[in-house]
Structure formats: C-alpha cells, structure tokens
Amino acid sequence: MKNNFAKATLLVVLLFSVSLNLKAEGISVDAGLTPAQDRIIIRTQYRNIINKLGSEKMVMHMVPLVVAYGLSPDITLMMRNGFRAVGTNETMMPMENQWMDPFLMGKVKLYRRNTRTSTLGLAGFAGTSFPVLGSSISKSYSPVLGVNASYRVGY
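Summary of the structure given here. Chains are numbered independently. Their residues run from 1 in the order of the written sequence. Note on the predicted model: pLDDT of at least 70 is required for a residue's local features to be given, and 80 or more for side-chain atom pairs to be given and counted; whole-chain, interface and lining totals, by contrast, use all residues. Side-chain descriptors were evaluated using all non-hydrogen atoms of the structure, hydrogens and water having been removed beforehand.

### Concerning the overall build of the chain
Stage number 1. Helices and strands together make up the secondary structure of the chain, namely one helix and eight strands.
Stage number 2. Secondary structure counts use DSSP, requiring at least four H or I residues in a row for a helix and at least two E residues in a row for a strand, with both numbered from the N terminus. Counted from the first residue to the last, the chain has its helices and strands arranged as α-β-β-β-β-β-β-β-β.
Stage number 3. We call two residues in contact when some of their heavy atoms are within 4.5 Å. The long-range fraction of contacts in the chain, counting pairs at least 24 apart against all pairs at least 6 apart in sequence, stands at 50%.

Structure follows, in structure tokens:
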C-alpha cells in the first residue's frame, strides 16, 4: 500500500511539474534531445504563425535551430537560435526580420528506468538566453532552472 501511494504521488508531482512550463520559443530544447557522448544532434523546423485579433493581423515565419552535444552519457549541452521573418504586421507592435538571441542550456540525467514496456526519465536543466543580437527588448539575460520528466509506454 505504501509503495502504491509513493508511485501515485510521484506521478502526480511529475504531471504537475511538466504542466508548469509548456511554452517554448522555437523548438523546445528541454525534451527529447539526448545525444550519445561526443555526438551532435542538429534539429530545425519551419513554423508559420498567424495571429488575428479583431482587425489586427500578424503573420510570422520562424526557423528555429537546435544543436545538442553529448558531453557525457549523462550530460547534454544545447544551443537554440532562430530566425524570425515578419510577413504581415497590422498591429501596433513593431517587429523586424531578425535572428533571435541565442539560448544556451545544460541538461543532466537524474533518473532513467527502461523496461520492456516503458521508459521513465528525469533530467535537471539550467540555461539562459544571451542578449547579443539586439532582438531582446529588455537587453537582459533570461535564466531558467528546472526538472523535466518523460514517461513513454510501448516500444
């Protein structure tokens, strides 16, 4: 009984902590990218964003790029940057075509359990953006610190 309560509590805490931070500018750098030691993963995608509120409309195109490097089997370093192109901007917010500020992050494996039917993983992370390209309005660093959880069922 005690063991089932502990498992249920852990599951609730994991689900709650995952739902706290669901937003990511560009491609999320905190989930799924864990290259082997001395290996590199490069991932990009194209995003077409359309925001419309009343008579105001904005169309944006983004191409984020994530590079992840396996420093060791348990430590991953990641960098994210992206290019934003504004197609239509009928809002009062001025936006230009530009590279976004780079974001650098480290991820450390805290726990991982692989079975034939499921995988459970926990990883701690710390990172910050660097206001070097002029896209940041506040011209300040934006540090983040947290824990990510992953639970997969199946093969």
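And the narrative resumes.
### Topic: the pattern of salt bridges
Stage number 1. Salt-bridge detection follows one rule: a side-chain nitrogen of Lys or Arg within 4 Å of a carboxyl oxygen of Asp or Glu. The tally for this structure, following the rule as stated, stands at one salt bridge.
Stage number 2. Of the charged contacts, one joins lysine 109 and aspartate 74 as a salt bridge, the two residues approaching to 3.2 Å between their closest N and O atoms. Within this pair, whereas lysine 109 is found in strand E6 (residues 103-114), its partner aspartate 74 is found in the loop between strand E3 (56-72) and strand E4 (75-89), the two being separated by 35 residues in sequence.
Stage number 3. When accessible area is computed with a 1.4 Å probe and restricted to protein chains, residues below 20% of their type maximum are described as buried, those above 50% as exposed, and intermediate ones as partly exposed. Relative accessible area serves as the criterion here: at 34%, aspartate 74 is assigned to the partly exposed category.

### Remarks on the environment of proline 73
Stage number 1. Relative to the elements of secondary structure, proline 73 occurs in the loop between E3 and E4.
Stage number 2. When the C-alpha atoms of proline 73 and valine 108 are compared, they prove to be 9.3 Å apart, with 35 residues separating the residues in sequence.

### A few points about the pairing of strand E7 (residues 118-129)
Stage number 1. The element E7 is largely enclosed, with a buried count of ten among its twelve residues.
Stage number 2. A pair of strands is labelled paired if DSSP reports no fewer than 2 bridges between them. Where E7 meets strand E8 (residues 144-153), ten bridges bridge the pair, whose relative direction is antiparallel. Within the sheet, the bridge partner assigned to threonine 119 lies in E8 and is arginine 152.

### Some details on a nonpolar patch on the surface
Stage number 1. A grouping of Leu71, Ile75, Leu77, Val108, Leu110, Tyr111 and Val147 is seen on the molecular surface, where their side chains present a nonpolar patch of about 560 Å² in accessible area.
Stage number 2. Here the nonpolar patch gets three residues from one element, more than from any other, and that element is E6.
Stage number 3. Considering the arrangement of structural elements, one finds leucine 110 in strand E6.
Stage number 4. With relative accessibility at 53%, the residue leucine 110 sits in the exposed group. Like-charged residues are merged into a patch within 9 Å and nonpolar side chains (Val, Leu, Ile, Met, Phe, Trp, Tyr) within 5 Å, provided each residue has over 30% relative accessible area and no salt bridge. All accessible areas in this document rest on Shrake-Rupley with a 1.4 Å probe, and a residue is counted as covered only by the protein chains that are shown.

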